[in-house]
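Each chain, written out:
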Amino acid sequence: MTQVQVIDYQRFESSLDALRERYGNAQPFPHIAFDDFLPKAYVQLLNEQFPDTEAKRKQGSEHTPVILENGQEAQLGKEWLSRESFVSLPFRRLYWELNSTRFVRLLEDLTGIEKLLVDPHLFGGGVHQVKPGGYLKVHADFNIHPDFGYERRLNLLIYLNENWPPEYGGNLEFWSRDMRQCVQSFAPLAGRCVIFNTLSTAFHGHPHPLTCPPHRRRRSIALYYYSHGCPEEGDKAAHGTLWQQLPGES
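Residues numbered from 1 in each chain as written. Predicted model: local features only at pLDDT ≥ 70, side-chain atom pairs only at ≥ 80, totals over all residues. Heavy atoms only, no water.

**Some points on the packing of helix α3 (residues 40-48) against helix α5 (residues 89-98)**
Rules: Helix axes use the C-alpha atoms of the stretch in contact, all axes being lines fitted to C-alpha atoms, and the angles between their N-to-C directions lie in the range 0 to 180 degrees. Only DSSP runs of H or I with at least four residues qualify as helices, and only runs of E with at least two residues qualify as strands; both kinds are numbered from the N terminus onward. When describing relative orientation, an angle under 35 degrees is termed roughly parallel and one over 145 degrees roughly antiparallel, while 65 to 115 degrees is termed roughly perpendicular and anything else oblique. A contact between two residues is defined here by any heavy atoms of the two lying within 4.5 Å. Ten residues, namely Ala, Val, Leu, Ile, Met, Phe, Trp, Tyr, Cys and Pro, are considered nonpolar, four, namely Asp, Glu, Lys and Arg, are considered charged, and the remaining ones, Gly among them, are considered polar.
At a closest axis distance of 9 Å, the pairing of α3 and α5 adopts a crossing angle of 125°. Here α3 is positioned oblique relative to α5, judged by the angle of their axes. For the pair α3 and α5, contact is made by Y42, L45 and L46 and by P90, F91, R93 and L94, respectively. The residue inventory of the contact of α3 with α5, partitioned by class, reads 6 nonpolar, no polar and 1 charged.

Spelled out as structure tokens, the structure:
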């Protein structure tokens, strides 16, 4: 495999004070987005070796649809691979880097969250893709790791979609805690990374059906980070995904 640098640490470590302030002051909840988080050559490598999630489905990627009270599916056309053994070396190398001590310390410095823990099993994370017409309803994520009991603290999403014009849709939307308005919207462009706190009111999703051509997919990589306890929100009961309705939805 061609050796391409995965993370440009100097880029982030040299401006941590400004990035930390930007992260903490972001609305509607702490977050930050980086363009060209991964080198273009590495994004191209990941796309060239992107796994066939449909072929792998019977080996562990299939999931049970979630049906909301109004009868609508919470997510449509989405598949993912959490198992590291299902992906090629470039993906594994990226996982290893994003779970490395240096990168986790960078996340701690950026977000102010101490003693972050990684998830070696990538529960719910890993490689994601959504087919044309697919969507993910606005929601707040589950808050307790089902195996370890740790508090979920951060989401890190990396997009791999080259040549993705606005009319394809699929923007990641951040909604206000009263669900009255979309406050931020990020196109899922290749190399873009979005990091945000996973609070019980951190409502996000891409709720509008994709309008990309039949041969295209909305591709992304997701990693989640945890800690032992969450002082910002106090003692919380465990909850699953908190699905939300958009304004005007029945």
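**Side note on the packing of helix α2 (residues 16-25) against helix α6 (residues 101-111)**
A pair of packed helices is captured by two measures, namely the crossing angle of their axes and the spacing between those axes. Close contact between α2 and α6 brings their axes to 7 Å; oriented N to C, the two are set at 60°. What the angle tells us is that α2 and α6 run oblique. Residues L16, L19, R20 and Y23 of α2 lie in contact with α6, whose contacting residues are L106, D109, L110 and T111.

**Concerning the pairing of strand β6 (residues 172-175)**
Rules: Here the term buried applies to any residue with accessible area under 20% of the maximum for its type, exposed to any over 50%, and partly exposed to those in between, with areas from a 1.4 Å probe on protein chains only. Only strands that DSSP links by at least two bridges are regarded as paired with each other.
With burial as the criterion, each face of β6 is covered, one bearing L172 and F174 and the other bearing E173 and W175. Inspection of the sheet shows β6 paired to strand β7 (residues 182-186) by 4 bridges, in the antiparallel sense. Counted as the bridge partner of F174 is Q184 from β7. Where β6 lies against strand β9 (residues 203-206), 3 bridges are found, and the strand directions are antiparallel. Each residue of the ladder has a partner; that of E173, found in β9, is G205.

**So, the packing of aromatic side chains**
The condition is simple: We call Phe, Tyr and Trp rings a pair once their centres come within 6.5 Å, taking the six-membered ring for Trp, and we label the pair stacked below 30 degrees between planes, edge-to-face above 60, and tilted otherwise.
Here the structure, examined in full by the defined rule, presents 12 aromatic pairs. Where F12 meets F34, the ring centres are 4.8 Å apart and the plane angle is 65°; that geometry is what we call edge-to-face. Of this pair, F12 sits in helix α1 (residues 9-13) while F34 sits in strand β1 (residues 31-34), and the two are 22 residues apart along the sequence. Take F12: its relative accessible area is 4%, and that puts it in the buried class. Relative to F103, the ring of F37 has its centre 6.2 Å away and its plane inclined at 75°; by these criteria the two rings are edge-to-face. Of this pair, F37 sits in the loop between β1 and α3 while F103 sits in helix α6; the two residues are 66 residues apart in sequence, bridging distant segments of the chain. Taking the relative accessible area as the measure of exposure, F37 reaches 4% and is therefore buried. Each residue in the set F12, F34, F37 and F103 is aromatic and connected to the rest through ring pairs, giving one cluster.

**As for unusual backbone geometry**
Most of the time, phi is negative for any residue but glycine, and the peptide bond is trans. Note the cis peptide between Q27 and P28, where omega equals 10°. Phi is positive for D36, close to 55°, though the residue is something other than glycine. Mapped onto the secondary structure, D36 falls in the loop between β1 and α3. In this model, N163 sits at a positive phi of 50°, which is unusual for a non-glycine residue. Following the sequence through the fold, N163 ends up in the loop between β5 (151-159) and β6. Residue N163 is classed as exposed on the basis of its relative accessible area of 71%.

**Some words on the nonpolar core**
Defined as follows: Take the buried Ala, Val, Leu, Ile, Met, Phe, Trp, Tyr and Cys residues and link them wherever side-chain atoms come within 4.5 Å; each set so joined is a nonpolar core.
One finds F37, L98, F103, I158 and Y225 to be the most contacted residues of the largest nonpolar core, which totals 41 residues. Counting residues per element, this core draws most heavily on α6, which supplies 5 residues. Excluding its chain neighbours within four sequence positions, the residues that come into contact with L98 are I7, F37, F103, V104, L156, I158, L223 and Y225. Within the second largest apolar cluster, 15 residues are counted, among which are Y159, F186, A222 and Y226.

**A closer look at the side chain of D141**
Test applied: Definition of a polar contact: a pair of N or O atoms within 3.5 Å, with one able to donate and the other able to accept a hydrogen when the atoms are protein atoms, and with sequence-neighbouring residues admitted only if both atoms are side-chain atoms.
With respect to the secondary-structure elements, D141 resides in the loop between β4 (126-140) and β5. Here the side chain of D141 touches H139 through a polar contact of 3.1 Å, side chain to side chain. Within the structure, D141 has its side chain in polar contact with the side chain of H204 (distance 3.2 Å).

No statement about biological role is implied by the geometric values presented.
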